[in-house]
Each structure stands twice: as structure tokens, then as C-alpha cells.
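Here's the letter readout for the chains.
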Amino acid sequence: MSEERTSRPPAATAPAGGAHTAVAIVGGGPVGLLLALFLDRHGVPSVVFDAQENQPFEPRGNTHNARTMEHYRRLGIAAPIRRLGLPADHPADIAYFTRYTGTELSRLELASRTERMRRTATAPATDQTPEPVHRANQMYVEAFLTEHARTRPHITLRPGRRITRLRQNASRVELWAERADGRAEHWTARYAVGCDGGRSFVRRALGIHYEGAGTLDQDVLGRRATAAHLRLPTFHRDAVTGRRAWSYWSFNSELVMNLIALNGQDEFFLLSSSADPDTAGPDAIADLVRRAAGAPLPVEVLGKRPWTPGVALIAQRMTSGRVLLAGDAAHLFTPNGGFGMNTGVDDAANLAWKLAAVLQGWGGPELLSTYESERRPVAHRNTTAARELNAGLGAVERPDILEENSARGEQARARVGDLLRCYGERTHSLGVQLGARYDGSPLVIEDGAPPADSWGTYTPTSVPGGRTPHVWLDAWHGHGSSLYDRLGPGFTLLRIGGRAPDGKGLQAAAQAQGVPLTVLDVDHDEARDLYGRDLVLVRPDQHVAWRGNRPPTDPARLIARVTGTRLTP
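Residues numbered from 1 in each chain as written. Predicted model: local features only at pLDDT ≥ 70, side-chain atom pairs only at ≥ 80, totals over all residues. Heavy atoms only, no water.

Digging into the sheet that holds strand 16 (residues 300-307)
So the rule is basically this: By the convention used here, strands pair only if DSSP detects at least 2 bridges between them. Counting from the N terminus, the helices are the DSSP runs of H or I reaching at least four residues and the strands are the DSSP runs of E reaching at least two. Helix axes are fitted to C-alpha atoms over the stretch in contact, other axes to C-alpha atoms as well, and angles between N-to-C directions run from 0 to 180 degrees. Pairs of residues are marked as contacts when any of their non-hydrogen atoms sit within 4.5 Å.
The strand order across the open sheet built from 7 strands is 5-4-13-14-15-12-16, with neighbouring strands paired in mixed fashion. Two strands close off the open sheet at either side, each with one partner strand: strand 5 (104-108) and strand 16. The average angle at which neighbouring strand axes cross in this sheet is 20 degrees, direction not considered. Looking at chain direction, strand 4 (residues 94-97) and strand 13 (residues 247-251) are connected through 4 bridges and run parallel. Across the sheet, Tyr 96 pairs through a bridge with Trp 249, a residue of strand 13. Strands strand 12 (225-231), strand 13, strand 14 (256-261), strand 15 (267-272) and strand 16 of the sheet are contacted by helix 8 (residues 282-293), whose axis makes an angle of about 85 degrees with strand 12. Packing of helix 11 (residues 407-427) onto the sheet brings it into contact with strand 4, strand 5 and strand 13, and relative to strand 5 it is tilted by some 20 degrees.

Below is the structure:
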């Protein structure tokens, strides 16, 4: 590519020479850090630039879904991340009240961390959630990821560096990073990735805009809303005195508020459209909490910020030359369902192996173009699902008689409780979490029809394009013998069942083309029944690339196809 795109002149003179890295990552949030960690796993150096000198200690996303936890697992960090957030025995319920001292309308019971892991340890061999969803606020996990990244040999963190200029040509990307004292650093990279959030400098520098639906015009998490970090020292004594929850909703005709438990004791994350983020100061927020509680609770506001729920926005493009976008820079979500950060983590998993393949010489010239063609449809699917959940909550009635002490009030509460129960069940969306597929991708060799897409239900299948179905490999699976633990960092050829043909042809073809390939024997009848094939080729991001009962007739052509060297059938 010969075209250059420039944002504005650097704020300070760039030092002569500058420094170089393989991949420059702009944005040190969870998606940028996970991309760096995936690249590190492949042996690829990266530099992470973040405008913040220190990690901001303010609550954001709370849900690390089953797929994200699987990604943490293959990076070896699932266990320490599970220790963050709520205490191990704290319920993860979603509970709805008229007010926090009033009537409980509905409750979606979700197990504590201890109970979830106990169930996983005794699950059947073909259970599909080896790493169930985990509730821990992003601020805790981001701090852990930052410290973990500091220990990795291929990652350089550059906090307190704001990227102010970006320029690219056919062979490299140039970036200028400005420090708080006005000094600038000049870097070159083979590729750059914008993981710098919804107001992404990188996206704007490339002239790329969002497309899609804006905020919903509704009272419940619509229009502009307030997010706040609170300390409520007597909440469990003076408000909700019964069974604890992870998410507490106050739901009545006057207001709607969600309080999300952060530490299981006194810290909470408030989300509400019942307070104007431009005018509501600490006193107004404290008054809103007291009205939602129906009690004069002591309230300490530790921080607040505005946010815009209801959006379903996707960048027009996710790639421009040697610069790519991931996470909120590429797609912006309403928080319903907790899909936003998790979709960004899946972006990073898809992109990392493709960058590694190209940089290490075993990926073809068209490989990186498949990042956008594979991930943009998933972004559209997931943002649509989140917006529909948001609209569904807004559609639940809140009649004036909801808090009335009468037969009519009781009937109204029962009716609204049923609606909220149905809504809560829809948020338990395993199909969104595990069901992302890359059907039609040139890297996928089609073989059979995939199951119908469902946001709520995940159907495991080895039909190429989807996530590799999970299998526990021995009777003591609770101690960690997951199929995913045995997959290589590159491609993996699964030989399933006792009669699978050998994989020597594919091994030789991969070796000839410099492609990392592991062969894994899975002598497991239940796995053979689940997969329906003797041979399955798994990509580095754990999606199925090809399957068959016999070795491919032209293994060299197959390897070239799945690595982007030759994308035509």
C-alpha cells in the first residue's frame, strides 16, 4: 500500500531514529492486553501504548463469559482471574425488587464460583463449558492483566503515552507517542492495532466511522445514562437483608436502577437512566440510591461518568492497510448480556494467530484480510443481540400500582415478575458466548450444514467454521484434562477414535510450508460420536478449519488454503 494517512503533526519533535516493534497496540485495556498476551504465546513482540499513566480504578464490564474464560485458560491465567471479584461462595443471582426494601419481583438464580466449579468437576465427558462464566469487574481483571503482561518476554508496556500521529505505507506503520511532559517517542511497527475504545484515535485517524443503531429512546437504560462507583456500607443490613445477589435491580414506576456487587461487601457499580449524567452530582446520585432503596442509606460516591446504552455500532471497516481495529474501536455495545468486552477478546484471539503467521512467514498474503471478513459479521450478530436484550428490558411494564398494597398490586407484581424472569433467562445466552461461526470464510473448507444460530442455545458440532467442541479426556476431568489443554499453539490435527487414519501427509505438508502443526490422538468413543469424523483440523483460535474421514487428497493445497496462501478452492 502506498497511500499514507496522517492525523495531525506531532506535539513534540520525534527523537531521531526511534524504536521498532513487530506489532504496535494502541490501548492498554483488556482487549489490547489480551492481544499482546496471545502474540506473546506465538513468540511475537508487541508494544502496548496507553494514554493513562496508571490503570483507572473505575468499574466497567463485569462479565467474563464462557468463551473468554476458555481464552484465559489457554493463556494459563483462568485460575487467578477466578479469584478476583466476588467471594467464592457469593451467589451470582440477578434479582429484581420494587425497591431494595420492598418486594422481590423475580430472581434468576446463578451459582456461586464454588458451586460452578463443583459442577464442572463432575460434568459429563462432552460438557461444553469447561470454563463457566465468571463475574469480576473489569477494573480488577485489567489490573491483573497489566501485571501479568509485565512478566512476559515479548511484551513492552508504555503507559502514559498518547498516540498523536499515525502514518503508514506499504511496508510499515509509524506512530508518535506524546508523554504528559510534552516529549514524544517515534516508533515504527510492521502492523498496528487500535484497541483504544469507543472514541478511538486510531479509527478516526483512518477516517473510519461507525455504522448502525444509536441509543434507544427508553427510560430503562436508554438515552444518556449515569454510571457510578459507590460505597454502601449498610446495604445488606438496611436494604436487601435476604439472599444476596450479583445484580440488584430496583424496578418501579418512578425509577429503574441496577446495582452490581463488586466485592460482595460494600462496593457497588450503579447503572441508571434515572439520573442525568450532565447534572447529577454526588448528592443527587445519593438521593437516587435512597429512593431506589426506600431507606435512608449512607451513600459514598467514589466516582461517576456518563455513558450511552442501547447502541449497536460497528466500524465501517476493521482493517486499513497495515492498521487494524479490535474491541470497542471496532464495535460498540449496550452492556445488556455482557457481550462487548467478550467480543473484543474473541477479536484478539482471531487476529493474533494471523498476525503471527504473517510475521513468521507461514501465513499467506491474503490471511489478514480474513480478520475483517470473519469478525465483522460476528460483531453485527452480537451487537444486535445486546440491543434486543436492552429493548426487551425497556418493554417490561412498570405500572403505578406495582407497589400498591392491594390485590391489584399483587397481581401486577406477579405479572411483571414473570416478564422479568423471562428476560433474565434470555441474558443467559450461551449461544452468543460459544456459537460464533466463520461460515463462508475462505479459510474454512465447507463440509455439511451448521446448526441454526441461536442466541440462547449452543449446539456443538465439528462442521467447519465453528468452535471446536469440547471434550474431557479422562475420568478425572475435574483435574484439568481438557481437550483445549492439549491443542497446540498453531494448528492441531485431531485423530479421533481408535480407527482414525494417520496424519503424516498433513504433517509433511505443514512442515514443508513452515506451518506449526500438532497431531493429537483422541481415542475416545464419545468424542467420535460428537465430532462425527475421524480427522479434524483445528485452527490456532480453536475454530474448525477442515474435517474428514480420510486424509485430504492434496494436503499441501489444504494447508495453503487454511493459512491464506491460496484462498481459492
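There is more to say, and it comes next.
Topic: the packing of helix 2 (residues 66-74) against helix 9 (residues 340-360)
Inclusion rule: Relative orientations are named as follows: roughly parallel for angles under 35 degrees, roughly antiparallel for angles over 145 degrees, roughly perpendicular for angles from 65 to 115 degrees, and oblique for any other angle. The handedness criterion is simple: a crossing whose near helix is rotated anticlockwise from the far helix by less than a right angle is left-handed, and one whose near helix is rotated clockwise is right-handed. Note on residue classes: Ala, Val, Leu, Ile, Met, Phe, Trp, Tyr, Cys and Pro are nonpolar, Asp, Glu, Lys and Arg are charged, and everything else, Gly too, is polar.
Look at helix 2 against helix 9: their axes get within 9 Å of each other, and the N-to-C directions meet at 45 degrees. Considered as vectors, helix 2 and helix 9 are oriented oblique to each other. Viewed along their axes, helix 2 and helix 9 form a crossing whose handedness is left-handed. On the side of helix 2, the interface is formed by Arg 67, Thr 68, His 71, Tyr 72 and Arg 74, while helix 9 contributes Met 341, Asn 342, Val 345, Asp 346 and Ala 349. Looking at side-chain class alone, the contact of helix 2 with helix 9 contains 4 nonpolar, 3 polar and 3 charged residues.

Comments concerning the pattern of salt bridges
Heads up, the condition is: Here, a salt bridge means any side-chain nitrogen of Lys or Arg that lies within 4 Å of a carboxyl oxygen of Asp or Glu. Only protein chains enter the accessibility calculation, which uses a 1.4 Å probe; a residue whose area is less than 20% of its type maximum is buried, one above 50% is exposed, and one in between is partly exposed.
Within this structure, the stated rule accounts for 46 salt bridges. Here Asp 439 and Arg 437 are joined by a salt bridge, their closest N and O atoms 2.9 Å apart. The exposure class assigned to Asp 439 is partly exposed, which follows from its relative accessible area of 43%. Residue classification places Arg 437 among the buried positions, given a relative accessible area of 19%. Residues participating in the shared-partner salt-bridge network are Arg 67, Glu 70, Asp 346, Asp 347, Arg 375 and Arg 467.

Concerning the layout of surface pockets
The gaps left among the atoms become clear once a water-sized probe is rolled over them. Under the convention used in this document: Lining residues are those with an atom within 4 Å of a point, where the points come from a 1 Å grid over the protein atoms alone and group into cavities, where a 1.4 Å probe fits but cannot get out, or pockets, open sets with protein on both sides within 12 Å along at least five of seven lines. Grid points are joined across faces, edges and corners, and a volume is the space filled by probe spheres set on the points.
One number sums up the size of the second largest pocket: a volume of about 370 Å³. Lining the second largest pocket are 17 residues; nearest its centre among them are Arg 116, Thr 129, Pro 132, Val 133 and His 428. At the level of elements, helix 4 (113-121) and helix 12 (430-434) are the ones that each hand at least two residues to the lining of the second largest pocket. It is helix 4 that contributes the most residues to the lining of the second largest pocket, 3 residues altogether.

Some details on a negative patch on the surface
Keep this limit in mind: The patches reported here contain residues having more than 30% relative accessible area and no salt bridge. Joining distances are 9 Å for like charges and 5 Å for nonpolar side chains (Val, Leu, Ile, Met, Phe, Trp, Tyr). For the area figures, the Shrake-Rupley method with a 1.4 Å probe applies, and any residue is considered shielded solely by the protein chains shown. The positive count covers Lys and Arg only, the negative count covers Asp and Glu only, and His and the chain ends enter neither. A charge is said to be at NZ when it belongs to Lys, at CZ for Arg, at CG for Asp and at CD for Glu.
Together, Asp 523, Asp 525, Glu 526 and Asp 529 give the surface a local cluster of negative charge. Mapped onto the secondary structure, Asp 525 falls in helix 15 (residues 525-531).

Concerning the packing of aromatic side chains
What counts here: In this scheme Phe, Tyr and Trp rings, the latter by its six-membered ring, pair at centre separations within 6.5 Å, and the angle between planes marks the pair as stacked below 30 degrees, edge-to-face above 60, and tilted otherwise.
Tallied over the full model, the rule gives 12 aromatic pairs. An angle of 75 degrees between the planes, with centres 5.3 Å apart, marks the rings of Tyr 100 and Phe 235 as edge-to-face. One end of the pair, Tyr 100, is in the loop between strand 4 and strand 5; the other, Phe 235, is in helix 7 (residues 235-238), and 135 residues separate them in sequence. Each of the two residues, Tyr 100 as well as Phe 235, counts as buried. Taken together, the ring pairs connect Phe 97, Tyr 100, Phe 235, Tyr 248 and Phe 268 into an aromatic cluster.

With respect to the pairing of strand 21 (residues 491-496)
Strand 21 sits mainly inside the fold: 6 of its 6 residues count as buried. Burial along strand 21 is two-sided: Phe 491, Leu 493 and Arg 495 facing one way and Thr 492, Leu 494 and Ile 496 facing the other are all buried. The sheet contact formed by strand 21 and strand 22 (residues 517-522) spans 6 bridges and is parallel. Note on strand 22: the bridge partner recorded for Thr 492 is Thr 518. Here strand 21 pairs with strand 23 (residues 535-538) via 4 bridges, running antiparallel.

Some details on the sheet that holds strand 11 (residues 210-213)
Two orientations exist for strands paired in a sheet by backbone hydrogen bonds: parallel and antiparallel. Spatially, 11-17-20 is the arrangement adopted by the 3 strands of the open sheet, whose pairing is antiparallel. Whereas interior strands pair on both sides, the edge strands pair on one side only; in this sheet they are strand 11 and strand 20 (331-333). Going from strand to strand, the sheet's axes swing by 15 degrees on average, the running direction of each strand aside. Pairing of strand 11 with strand 17 (residues 312-315), which is carried by 4 bridges, proceeds in the antiparallel orientation. Each bridged residue has a counterpart across the sheet, and for Gly 212 the counterpart in strand 17 is Leu 313.

A look at empty space enclosed by the protein
All chains considered together, the criterion is met by 5 cavities of 30 Å³ or more. Roughly 90 Å³ of volume is contained in the largest cavity. Around the largest cavity, the lining residues are Asn 65, Arg 67, Phe 339, Asn 342, Thr 343, Asp 346, Arg 375, Val 378, Asn 382, Val 432, Gln 433 and Ala 436. Looking at the lining of the largest cavity, the elements with two or more residues in it are helix 9, helix 10 (369-394) and helix 12. Along the lines of polarity and charge, the residues of the lining of the largest cavity split into 4 nonpolar, 5 polar and 3 charged. When its volume is computed, the second largest cavity comes out at roughly 60 Å³. Here the lining of the second largest cavity is composed, by residue class, of 4 nonpolar, 3 polar and 3 charged.

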